[in-house]
Amino acid sequence: MADMTALARQFIQALPHSVMLGMQPQEMGEGVASISMPYKDELVGDPVTGVIHGGAVSALMDTCCGAAVMCHPENGGGTATIDLRIDYMRAATPGQTIVARATCYHITRSVAFVRAVAMDDDTENPVATATGAFTVEAKR
Amino acid sequence: MSPRSKPEPVQVIKQRRDGALRALANAVPYIRFLGIEFERRGDELTGIMPFKQELIGNPLLPALHGGSTAAFLEITAVITLNWSYLWDDLEAGRLNLEGLPPEALPRLPKTVDFTVDYLRTGLPRDAYARARITRAGRRYASVQVEAWQDNRERLYAQAMGHFVMPAPRDNADG
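Residues numbered from 1 in each chain as written. Chains lettered and ligands numbered in written order. Predicted model: local features only at pLDDT ≥ 70, side-chain atom pairs only at ≥ 80, totals over all residues.

(A) Quick peek at the packing of helix α3 (residues 54–70) of chain A against helix α3 (residues 66–91) of chain B. The contact between α3 of chain A and α3 of chain B brings their axes to 8 Å, and the two run at 150 degrees. Judged on the interaxial angle alone, α3 of chain B and α3 of chain A are roughly antiparallel. For the element pair α3 of chain A and α3 of chain B, the recorded crossing hand is right-handed. Counting all contacts with α3 of chain A, which are made through G54, G55, A56, S58, A59, D62 and T63 of chain A, the residues of α3 of chain B involved are G66, G67, S68, A70, A71, E74 and I75 of chain B. (Axes fitted to C-alpha atoms, helices over the stretch in contact; angles between N-to-C directions. Helix = DSSP H or I, 4+ residues; strand = E, 2+ residues; numbered from the N terminus. Parallel < 35°, antiparallel > 145°, perpendicular 65-115°, else oblique. Left-handed = near helix turned anticlockwise from the far one by under 90°. Contact = placed C-beta atoms within 7 Å.)

What follows is the structure, encoded as structure tokens:
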């Protein structure tokens, strides 16, 4: 478990945009990744309610899905997003950390299929879900 | 034929339109955080995301983060949709956004879903985007967005999104 966290931390710190948004790795291994994004004022999309912008949730989902692909044992190395769909079920509660968890549920020699869920403190009701396809690099 | 009223001076029109656009875009902290700007030709908007290091996802290539591109496209879609939704009221002088505090601005459309196709690697330079509203209903809207960098014809990303429109403003005729 300790090296999974270390791997996740290294992964996030190498991505300037993820650092900018304040993403924090939770775990990463065997095609599953979890990343949190604490609330901060710069991420707000609606200044009246203080709700986080959907674009910031997208960035979190994209990072988390990419991390899940990168740590899948069948993937040779890096990955890039082919497409990503986000469904926004509800506004994230202002002030709460958003946690995304992504699973790479199928992988071929060229494509990885991923789904993800984003939650705030109310873990019964997801804030958003995502499904995406990512590139796969050949193993050397 | 009734006599036509004298057209407004062009500077007055430009000031009003640019002021309204600025008010809409500047009210959103996340738009300012990413540094996204809008240019206007008549009612046509172009989103611009000037390059900065913090937008990078893969520092080895280097390439823009999929998340900065997704946010750029979504922001362009929402601002364009809102702009077109408010246009008639702005033009008719029923609505004046300049100098309004955020809480007095009209409510934004809400994103239901958003799908991004990443067509090419996002290069470490400025990106541009334009949105096309393919359906503008009273409650729901569908928007397509295209983004490019060096060549308008070589898109680096495109997206499709669905939105719920805000409830009609009760002071629209006031």
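After that view, the rundown keeps rolling.
(B) Molecular detail of the pairing of strand β8 (residues 155–164) of chain B. Relative to β8 of chain B, strand β5 (residues 110–118) of chain B runs antiparallel, the two being bridged by eight bridges. Residue pairing across strands places Y118 of chain B opposite A157 of chain B, the latter belonging to β8 of chain B. (Pairing = 2+ DSSP bridges.)

(C) Spatial organisation of the interface of chain B and chain A. In this complex, chain B contributes 30 residues to the contact, which on the side of chain A involves 30 residues. Secondary structure elements with two or more residues in the side of chain B that touches chain A: α2 (29–34), β3 (56–58), α3 and β5 of chain B. Examining the composition of the side of chain B that touches chain A, we find that eight residues originate from one element, β5 of chain B, more than from any other. Grouping the amino acids of the side of chain B that touches chain A by side-chain chemistry returns 17 nonpolar, eight polar and five charged. Pairing of strand β5 (residues 81–88) of chain A with β5 of chain B involves five bridges; the strand directions are antiparallel. Each residue of the ladder has a partner; that of I86 of chain A, found in β5 of chain B, is F114 of chain B. (Nonpolar A, V, L, I, M, F, W, Y, C, P; charged D, E, K, R; others polar.)

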